2 protein chains.
Amino acid sequence: MSQGHMEVTALLEPCGKEEHPDCGIRDVLTRVGDKWSVLVIVELASGTRRFRELQRAIDGISQRMLTLTVRRLERDGLVARTVFPTVPAQVTYELTDLGSSLTHLVKQLADWSLAHREDIANSRTDYDVANPDHTIH
Amino acid sequence: MSQGHMEVTALLEPCGKEEHPDCGIRDVLTRVGDKWSVLVIVELASGTRRFRELQRAIDGISQRMLTLTVRRLERDGLVARTVFPTVPAQVTYELTDLGSSLTHLVKQLADWSLAHREDIANSRTDYDVANPDHTIH
DNA sequence: CTGTATCCACGTGGATACTG
DNA sequence: CAGTATCCACGTGGATACAG
C-alpha cells in the first residue's frame, strides 16, 4: 500500500464514526474554503508580500478580514509572519514549506474551477429554470 | 501555453479587480469547503448511494443538511439525482463525470490533510501557547 | 424512505473608527 | 503602515415536527 486511493478510502471511515467526530480533513477544507484564504495563498505563491501589498492585490478584502485570514494561516503553519520593528511598522508574509505544498493543490483546484466554471454556470442555470422556486444557493 | 502555472497566475488578475467581483473560483471552493460536500463526494466516489445510505455513512449529518448538500451538488452538476416513483419513494445519487473529475482533486486534498494534520495541529498548539489570549479560530 | 417547513443559535464577514 | 475594537447584518447549519 504505497500511495494511490488507499488513504482516502481509509479516510472516510475514521471520519464518519463517533470516535472521530473530526478527522482533520474538515479543518483544512474549511480553511481553504473560507472567503479569502485561497486568494492570499495564491498571491503569496508569487513571493513575499507586505500587509498593504496583499490588501491592494486582493480587491475587496477589508483590513479586518485580511488580518484574520493571515492570522489563521499563520496559526495553521501555512504562512510565516515577520515583523520588522521599524517606524512605521513593517510586516511581511510568506508561505512556509507546508503552505507551499498546499499551494500546488490549491492551484490545481483553481485551474479546475477555471476550466469548468462554464459547465457549472450552465448547470446552475438549467437547474434554476427547471426549478423556478427553489431556495438553494 | 499548454498546462502548468499560466492559468493560475492569469487567474488572480481577473479575480481581484473590480470588473470581476467573482471569477468562479470562490464558487467551487466554497462548495468544496462547506461542512458536508466533501464527505458526500468521497462517499459517492465509491458508487451510487441512496439517501439513507448517505446519511448512515456520514455520521452526524442531519436530514436537512444532507438534502441541502446533495441539492447544491446537483445544481452545480457534480451529482446526478434519480427518482424512482415507487412507494415508498426511492432516490439514488451518483457522481457525474464533472463530479468525478473533481473527486480526484478532492482526494488529493484529503490525502494532504491526512498527511499534514499533525503538522497543523502542532503549529496551532505552538501558536496558542505563544499567543495565550488570541481570538482566532 | 425522502423529503419540506419552522425556528433558532452561532459564526463569518463587512463597515467604521481608533491606535502604536 | 499594520493593525485592534465595536457593532451589526447575514447565511449556515442544527433540532424538531410534519408530509408525500
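Scoring rules and cut-offs
Note on numbering: residues in each chain are counted from 1, in written sequence order. Chain letters start at A and ligand numbers start at 1, both assigned in the order the entries are written. Predicted model: local features are reported for residues with pLDDT of at least 70 only, side-chain atom pairs are reported and counted for 80 or more only, and whole-chain, interface and lining totals are derived from all residues. Calculated side-chain values reflect all of the structure's heavy atoms, with hydrogen atoms and water omitted. Two strands pair under a simple rule: DSSP has to find at least two bridges between them. The way it works is that DSSP assigns letters per residue, a run of H or I at least four long becomes a helix, a run of E at least two long becomes a strand, and they are numbered from the N terminus. Residue contacts follow a heavy-atom distance rule, with two residues in contact if any of their heavy atoms lie within 4.5 Å. Fitted lines through C-alpha atoms give the axes, limited to the stretch in contact for helices. The angle between two N-to-C directions lies from 0 to 180 degrees. Residues are counted as near a molecule or strand when any one of their heavy atoms sits within 4 Å of it. Counted as a polar contact is a pair of N or O atoms within 3.5 Å, where, for protein atoms, one must be capable of donating a hydrogen and the other of accepting one, and residues adjacent in sequence contribute only when both atoms are in side chains. Each residue receives one of three labels: charged for Asp, Glu, Lys and Arg, nonpolar for Ala, Val, Leu, Ile, Met, Phe, Trp, Tyr, Cys and Pro, and polar for the others, Gly being one of them.

A. Up close: the sheet that holds strand β3 (residues 90-95) of chain B. All names here are of chain B. Judged by pairing direction, the sheet is antiparallel, and its 3 strands sit side by side in the order β1-β3-β2 without closing on themselves. The two strands at the open ends of the sheet, each matched to only one other strand, are β1 (49-50) and β2 (79-84). The sheet contact formed by β2 and β3 spans 6 bridges and is antiparallel. Each bridged residue has a counterpart across the sheet, and for valine 79 the counterpart in β3 is leucine 95. Most of the contacts of helix α3 (residues 37-44) go to β3, to which it runs at about 90 degrees, and overall it touches β1, β2 and β3.

B. Quick look at the protein's contact with DNA strand D. As a structural note, the neighbourhood of DNA strand D is formed by 21 residues, with Arg52(A), Arg81(A), Tyr93(A), Lys35(B) and Arg64(B) the closest of them. Here, DNA strand D places atoms within 4 Å of the protein, and 64% of those atoms are sugar or phosphate. Between DNA strand D and Arg52(A) there is a distance of 2.8 Å, counted from a phosphate oxygen to a backbone nitrogen or oxygen. Listed by contribution, the elements that provide at least two residues to the surface near DNA strand D are α4 (51-57), α5 (63-75) and β3 (90-95) of chain A together with α5 (63-75) of chain B. Among the elements that line the surface near DNA strand D, the one with the most residues is α5(A), at 4 residues. In the surface near DNA strand D, the residues fall into 7 nonpolar, 4 polar and 10 charged.

Don't take any of this as a statement about function, it's just geometry.
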